[in-house]
Amino acid sequence: MSVSLPTQVESSHAVVALVGNPNTGKTTLFNALTGYRQRVGNYPGVTVEKKNGVMRQCGGAAKVELVDLPGAYSLAAGSADEAIVLDVLIGTGMHGAAPDAIVVVLDATNLARNFFFASQVMELGRPVVLALNMVDLAEASGMRVDTDALAERLGVQVIPVVATKGVGLDRLRRAICESIETGAPKSPLDFPDCVRTELEALRASLAGPEPGSNHVPTAVEALQTLLNPGGYHETRLVTQHGRALFEELAERRGRIVAAGESLAEVEARVRYAWIGGILESAVTRSRTLGEPRSEKADRILTHRLWGMAILLVLMCGCFQSIYAWAGPLMDAIDGGFAGLATWIGAALPAGALQSLIRDGVIAGAGAVLVFLPQIMILFLFIAVLEDCGYMARVAFLLDRWMGLIGLNGKSFIPLLSSFACAVPGIMSTRTIEDKRDRFLTILIAPLMSCSARLPVYILLIAAFVPNRPVLGGVVGLQALTLLAMYCVGTVVAVLVALVLKRTLLKGPRQSFLMELPAYKWPSAKTVLYRIYEQAKAFCVSAGTIIFAVAIVIWALGYYPHPASVASAHDAQRASASKAHTQRLEEISGELAGATAGVALQDEPQVAAALAALEGVENAFSDRVTDRDFAEGSEGRLAARREADEGIASIVAQFGPPGRTASALRQSSEALEQELSLIDKSESGAYLRQSILGRMGAWIEPVVRPLGWDWRIGMAAIAAFPAREVVIATMGTIYNLGDDQDETSEGLRAKLQSAAWPDGRKVYNLPVALSIMVFFALCCQCGATLATIKRETNSWRWPVFTFTYMTTLAYLAALVTYQTAIRFA
Amino acid sequence: MNDTGLASFGRGDSGVIEGVVGALPSSKRLADLGFVRGAMIMMVYPGIPCIVRISGRCVGLGAEHQRSIKLSTM
C-alpha cells in the first residue's frame, strides 16, 4: 500500500488532510472544495487510498493540497483503512510528513459519535478545523448547533457546511488557511490518574535514547497502544522497539485493570462524558424526534422475508434492464463499427495495413467498446445503491446467509463491488477488521462475475439462447440465463469459502457490527461522476491492453501470409472464370442472331429480360428483409416460390432472349458463389498457416472435450491477461478467417455461422454454455492477481487463486458441455 | 444488573446501557461506537442480527455483540 504525501522540503505548498467517520460526506466536500479537479490514486468509486486535489481560491500565495482519506471511526486503527488514516495523519515514514492541518468532517445529525473521532484527532498535535456537514438536515429535524460556542469551548474553528449544496465552503477555505498558521489545539480530556500515569511513563520509555528516526508517539497513540492489545499500534511499536515491549505493555495494562478500570470502556467513557458536556451547551432541539423516515423504510427493506424479496426483485430488474435498455445502443455502436470497417475496406488497398486496421483495431477494440452501454448500466445500479445507503441493508439482510460460509454480512459489500470489478472490491476489504475474514473475502471476490465477463455472456446468449418470455412473461429467457451465469460464480464461491473456512482459514465467525446510515436521495452528480470514471477506466483499458493484445493477436493470425496460398487460390479463381467464360459462349451459341462483338448482356432484348429478372429478385430480397423472415421459415419459402414463379413467367414472356438472360444470371451467380467460397477458403488457409493457427492446432485436443474449436481455445488463452480481450480476439480471428467482403456482419452473426471444416456448426447452445461457464470461473485478470498480491503481501495467495480458479473453470466447462449435449 | 439483556427485547423496547463486557478488541470497538454507560438503546428490529437505535442512529448488531451489551435494571 504505497501512498505518499509530498514532504515539506520538496514542495512549497501546504497539505491538508480530510478525515471523518464514514458517511459524513467527506468525499462530496472534497469534490466541492477541489472542483472535481483531482488526481485519483485509486479505483473509481472507492476511497481506499488517499486522493489528492488542489483547493481552489485559498487566497494568499500558498497553494493548498487537499487529501481525501477513507472514513474512520477511531484512531485505534482496527481495520486496514483506518490504519492508513492513522499513518497519514501522524506522518510515518512511507507517507511523508504529517499534514499541515487536518479537517475533521462531522455529520451534524450524529454529533456524539462523530466527536469521538474528532476528539482523538484533536490530540494529535496538528492544527484542526471542524467542518459540520449536513447542517441543513439537522435543522430540518429541529436541531440547532451553536457553532461559535463550540468553537470557543474547543479552541478550534467550527464551520457549518452543506457540501451537497456548496454552502459554507468559502468560510471553510478561509478557516483552513488560517488554521495552518494558528497551530494545534490543546488536548481537553482528562483521563483517570491510573491511565495517565501509564501513558506518560510509556511515552517516556519509548522516546528513550534511540536516534530520532523513530517516531515518538503522541499521547493519543500511546493511549491506543495501551488499550488495544494485539492492535495496529502495538504491532508497529514492537517492530520498532523490540519484543520486550510486549511485557512492558502487559504490565501497564495489568496495573490499569487492577486500579478498577476496564480497558474496553475507559476511553469511551471519558470521551463521551466530555462530548456530552460540550454538546449540552451548544446543541438545542426544538422538538422531540419521532421515528426517523429511514426506520420507516427499513421496516420493509430489512424485513427478513420482504427485504430479501425486494433485493431479488432489484437484481432481476437490473439484469432485465441491461438487455432492454442497452440493446438498441449496442446495435447502433455495432453497426457503426461495421460501417467503419467496410469503409476502411474500400478506402485502403488490400494488404497488411488494411487488415491491421480493419481486423485488428476495429474488429478488436471495437468489439469490446460495443459493450460499454451494458457496463454503464451495471455501474449505475451499484452506484445508486451505494449512494442512497441501501448497501448497508444488503449487508444486514445477507449476514445470516454469509454466516453459513463463516463470514459476516460486512464481507458482502466487497463481493457486491466485485460484480463490477474485482480490483476495487478487493481493495475495499480493508474495512473488514478480522484478518482471516478479509483474506477469505479476497480469495472468493474474483468469482463474482465482473463486468468484463458481461460481454462474453451477452454475446453468446444473444446468439444462442432464444428470446422467449418465461415465468409468465415477467422475465425473458435471455435475462434469466444471464442471471444463471452470475449464480454459477456465486455458488462456486460459496463452496470454495466453505472449504477454505474449514482448512486454510479456520477461525471464529465475527459478529456483525455496522452502522445503517440514514437513507438519502442519491446525488445525481456523484452517481454520474462515478459512472463516468468507471467508463473512462474501461475505455482506457480498451484503448491500451486490449488494443495491444488485439494487435498482437492480429499479427499472430496474419503472418506469415505465404504467397503460396495466394497463388494456389488465384489458380482456382482463374479456372472458375474460365469455366464461366465457356458457359457464356455456349449460351450465346444458342441465341440465334446474336450480333458479333456485342456482349451478350447488352443485346437489347436480353438486357430487358435481365432487368426484369433483376426486379423480381430485388423484390424478393426487400420482402425478406422487411418481414425479417428467418432461413427456412414458412414466410421465406412462400416468398421464394412466388419469386420463382415470377422468373418463370418472364422467361416465357421474352422467349429465347428470356432463357438466355436467365442462363446468364445463373452462371454469374454460380461464379460469384464459387469466388466467394474460394475467398473464404483462402482466408481460412492463411489463418491455419499463421502462427496463431499452428498454436491452435496444439490447443485443439485439449479443448475438444469442452466442445471448443481451436479458435475459441486461442481466444480463451489470449484472454488470460485480461478477459475483455476474448471478444476482441474472437472478432479478429473470425474476421481474419472470414470472407473479406462480409464485414457488414457483426460478431454475433459470424459466431452463428462459424463451422468446422466438415461444415458442422461450431457454436450451439451446449458450446456457448461451456464457454460461459469457463469464463465465469476462470481467473483471467492480471490486475486482480496483482491487487491480491498487494493486499495480502505475498505471492502465495495470487498463485493459489489462479490455480484453483483455472482448474475449477476447466472441469466445470467440461461437465457443462458433456451434460448439455446429452440433453440437446 | 439485568442478565437477559438485548436478547429479550422486542420491537420498541428500550433500556439504558450499564457497560460492555467481552473480549478485546470487539468490546472496545462497541464502546467506541457509543455503547457506553448511560447511553439509551432502543430495539428497532429484534433478531440475529438485530437493529438498535442509539444516539439517534441505527446500528446492526450480531449475536456476540448483543450479548456484550449489559443493561441497567430499569
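Trainee: Give me the lowdown on the overall build of chain A, citing residues and values where you can.
Mentor: Helix and strand counts for chain A stand at 33 helices and 12 strands. Within chain A, the proportion of its 824 residues that are buried is 45%. In chain A, the proportion of contacts linking residues at least 24 apart, taken out of those at least 6 apart, comes to 73%.

Trainee: Give me the lowdown on the nonpolar core, citing residues and values where you can.
Mentor: Residue and element names in this part refer to chain A. Counting 230 residues, the largest nonpolar core has A131 and M772 as its most contacted members. No other element matches the 10 residues that helix α31 (residues 765–777) contributes to this core. Apart from residues no more than four positions distant in its own chain, M772 is found in contact with V456, Y457, L460 and M485. Counting 11 residues, the second largest nonpolar core, distinct from the first, contains A609, L610, I650 and V651.

Trainee: Which residues make up unusual backbone geometry, and what values do they have?
Mentor: Cis peptide bonds are those with omega within 30 degrees of zero, and the linkage from Y559(A) to P560(A) qualifies with 15°. With respect to the element layout, P560(A) can be found in the loop between α22 (524–558) and α23 (563–590). P49(B) follows I48(B) through a cis peptide bond whose omega is -5°. Structurally, P49(B) is set in the loop between β2 (40–45) and β3 (50–54). Its identity as a non-glycine residue notwithstanding, M134(A) has a phi of 60°, on the positive side. Secondary-structure assignment places M134(A) in the loop between β6 (128–133) and α4 (135–140). Phi at S55(B) is positive, roughly 50°, even though this residue is not glycine. Summarising the element assignment, S55(B) is placed in the loop between β3 and β4 (57–61). The exposure class assigned to S55(B) is partly exposed, which follows from the 17 C-beta atoms found within 10 Å.

Trainee: I'd like a rundown of the interface of chain A and chain B, residues and numbers included.
Mentor: Contacts between the two partners involve 34 residues from chain A, matched on the other side by 29 residues from chain B. Listed by contribution, the elements that provide at least two residues to the side of chain A that touches chain B are α3 (111–121), α11 (266–282), α12 (293–301), α16 (390–404) and β12 (513–516) of chain A. Residues that form the side of chain A that touches chain B fall into these classes: 16 nonpolar, 10 polar and eight charged. With four bridges joining them, β12(A) and β4(B) adopt antiparallel strand pairing. Within β4(B), the residue paired with L513(A) across the bridge is L61(B).

Trainee: Could you give an account of the sheet that holds β3(B), with specific residues and numbers?
Mentor: What the six strands build is an open sheet, ordered β12(A)-β4(B)-β3(B)-β2(B)-β1(B)-β5(B); its pairing is antiparallel. Only two strands of the sheet have a single neighbouring strand rather than two, namely β12 of chain A together with β5 (69–71) of chain B. If you compare each strand with its neighbour and ignore which way they point, the axes differ by 45° on average. In this fold α16(A) packs onto β12 of chain A together with β4 of chain B, with an angle of close to 140° to the strand it touches most, β12(A).

Trainee: Mind laying out helix α32 (residues 782–792) of chain A, listing which residues take part and the relevant values?
Mentor: Residue and element names in this part refer to chain A. Within α32, the full set of buried residues consists of T784, L785, T787, I788, E791 and T792. Buried residues of α32 fall within an arc of 160° about the axis and therefore sit on the same side. Of the surrounding secondary structure, the elements contacted by the buried residues of α32 are α18 (422–427), α19 (435–444) and α33 (796–823). Once α32 finishes, N793 follows within two positions and takes phi at roughly 60°, a positive value.

Trainee: Pulling in residues and values, what's your account of the pairing of β3(B)?
Mentor: Residue and element names in this part refer to chain B. A large share of β3 lies buried, amounting to five of its five residues. Burial along β3 is two-sided: the residues C50, V52 and I54 and I51 and R53 are all buried. Sheet topology places β2 next to β3; four bridges connect them, and they run antiparallel. Bridge pairing links M42 to R53 in β3. In textbook terms, the turn of a hairpin is the stretch between consecutive antiparallel strands, and for β2 and β3 this stretch comprises four residues, one of which, G47, has a positive phi near 135°. Linkage of β3 to β4, two consecutive antiparallel strands, is achieved through a turn of two residues, within which S55 is found at a positive phi near 50°.

Conventions used here
Residues numbered from 1 in each chain as written. Chains lettered and ligands numbered in written order. Predicted model: local features only at pLDDT ≥ 70, side-chain atom pairs only at ≥ 80, totals over all residues. Helix = DSSP H or I, 4+ residues; strand = E, 2+ residues; numbered from the N terminus. Buried ≥ 20, exposed ≤ 12 C-beta atoms within 10 Å, placed from the backbone. Contact = placed C-beta atoms within 7 Å. Core = buried A, V, L, I, M, F, W, Y, C linked by C-beta atoms within 7 Å. Nonpolar A, V, L, I, M, F, W, Y, C, P; charged D, E, K, R; others polar. Pairing = 2+ DSSP bridges. Axes fitted to C-alpha atoms, helices over the stretch in contact; angles between N-to-C directions. Arc of directions from axis to C-beta.

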